[in-house]
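# Descriptive analysis of the structure
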Amino acid sequence: MSDQEYKGIYIFIEQVEHKIAGVSFELIGKAKELAATLNTEVTAVLLGYQVESLTGELARYGADQVIMVNDPALEIYMTEPYVKSMTAVVEYYKPEIVLYGATAIGRDLAPRVSARVHTGLTADCTRLEIQEETNHLMMTRPAFGGNIMATILCPEHRPQMATVRPGVMQRMAVVDGANCPVEDFKVDDLKSSMNVEILEILKKISKKKDIMDAKVLIAGGRGMGCAENFKLLEELAELLGGTVAASRAAVDAGWQEKDGQVGQTGKTVRPDLYIACGISGAIQHLTGMEESDLIIAINQDETAPIFEVADYGVVGDVCKIIPQMIQTIKAGRA
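The structure contained in this document is the topic of the report that follows. (Residues numbered from 1 in each chain as written. Predicted model: local features only at pLDDT ≥ 70, side-chain atom pairs only at ≥ 80, totals over all residues. Heavy atoms only, no water.)

### Details of the pattern of salt bridges
Under the definition given, this model contains eleven salt bridges. In this structure, the salt-bridge partner of aspartate 64 is lysine 32, at a minimum N-O distance of 2.9 Å. Here aspartate 64 is found in the loop between helix 2 (55-60) and strand 5 (65-70), whereas its partner lysine 32 is found in helix 1 (residues 22-38), with 32 residues between them in sequence. Residue classification places aspartate 64 among the partly exposed positions, given a relative accessible area of 25%. Where lysine 267 meets aspartate 210, a salt bridge forms, and the shortest distance between an N and an O atom there is 3.2 Å. Taken together, the residues lysine 267 in the loop between helix 6 (248-252) and strand 15 (273-277) and aspartate 210 in the loop between strand 12 (182-184) and strand 13 (216-220) connect sequence positions 57 residues apart. Here lysine 267 falls in the partly exposed class, since its relative accessible area comes to 22%. (Salt bridge = Lys/Arg side-chain N within 4 Å of Asp/Glu carboxyl O. Helix = DSSP H or I, 4+ residues; strand = E, 2+ residues; numbered from the N terminus. Buried < 20%, exposed > 50% of the residue type's maximum accessible area, 1.4 Å probe, protein only.)

Here it is in structure tokens:
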């Protein structure tokens, strides 16, 4: 393999019903940083049907160019047509790096493409950097149940591929009026690869705000004691204009829903304020929230790991401290 044959950073742009997933914008932002080190460009790969209107949005978020595969077979995500299209793009253009979001779609697509182009794939990355001496991509992810962070390289094969967890990378500031070249790439006979028929799509309607979008998160763990005590967190969240989240222990106990879980096996969040209530702070949880702007921890155990990442810590019974916080806030607003 000659590295000279491979150039550029390509981002798989995930879109559903003409709405681009947030992680795709995050990946463009990170790719721009990596591309500056490698002196190369960032290309957005957009698959779908009648998606031309999305190309301008990709330019505004930092894409240097867009490669679009526009085909009726790609209107709704199906594994085989998408894998065939992405593989064709990778084989034709030979990018040095290809990044996908670690979403349901990205996790389905990326390993199949990597197998077809005979390269490796590092899944669920939380950090990406360029190694100075070699210009290899250093892909860091939790390993051994989240107890260590492993940095993985792919020196022998190209492209270097990774899926990246949503919420861990920063989007670029939008550049109004930006535009970029768009190439219409044709993949022959995609219809023949539609070996599954989708009969119906059922959407789950959630009234609760996605914790990844919340500016204020009040998160509860095992130290909350029971599901009933989460009502305290809901009251505090309402006062602060926030959303309630949970650790894996609280979700496993059945106190909160899975979609509100923060951590390695849940969601990665980056709110302005994160209040950890009765959460010890195992590394699996810390990897999902340590980039929060301001962290306040409340825990009875003064040696809990959560205090190592917290900006402010309170040692005590969370079920006594939270009511005091609520009373103080209400009194201050009276």
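Further notes follow.
### Structural notes on the sheet that holds strand 14 (residues 243-246)
Reading across from one edge, 14-13-15-16-17 is the order of the five strands in this open sheet, with parallel pairing throughout. Of all strands in the sheet, those with a lone pairing partner are strand 14 and strand 17 (312-315), marking the two edges. Averaged over all pairs of adjacent strands, the angle between strand axes in this sheet comes to 20°, irrespective of strand direction. In this sheet, strand 15 lies alongside strand 13 in parallel orientation, the contact comprising five bridges. Note on strand 15: the bridge partner recorded for leucine 217 is tyrosine 274. (Pairing = 2+ DSSP bridges. Axes fitted to C-alpha atoms, helices over the stretch in contact; angles between N-to-C directions.)

### Description of the nonpolar core
Core analysis: the biggest nonpolar cluster contains 36 residues, and Ile9, Ile11, Leu58, Leu99 and Leu128 have the highest contact counts within it. The element contributing the most residues to this core is helix 1, with eight residues. With sequence-adjacent residues up to four places away left out, isoleucine 11 is seen in contact with Ser24, Leu27, Ile28, Ala31, Val42, Thr43, Ala44, Val45 and Leu99. Among the nonpolar cores identified, the runner-up in size contains 25 residues, and Phe12, Ile67, Val69 and Phe185 belong to it. (Core = buried A, V, L, I, M, F, W, Y, C linked by side-chain atoms within 4.5 Å. Contact = heavy atoms within 4.5 Å.)

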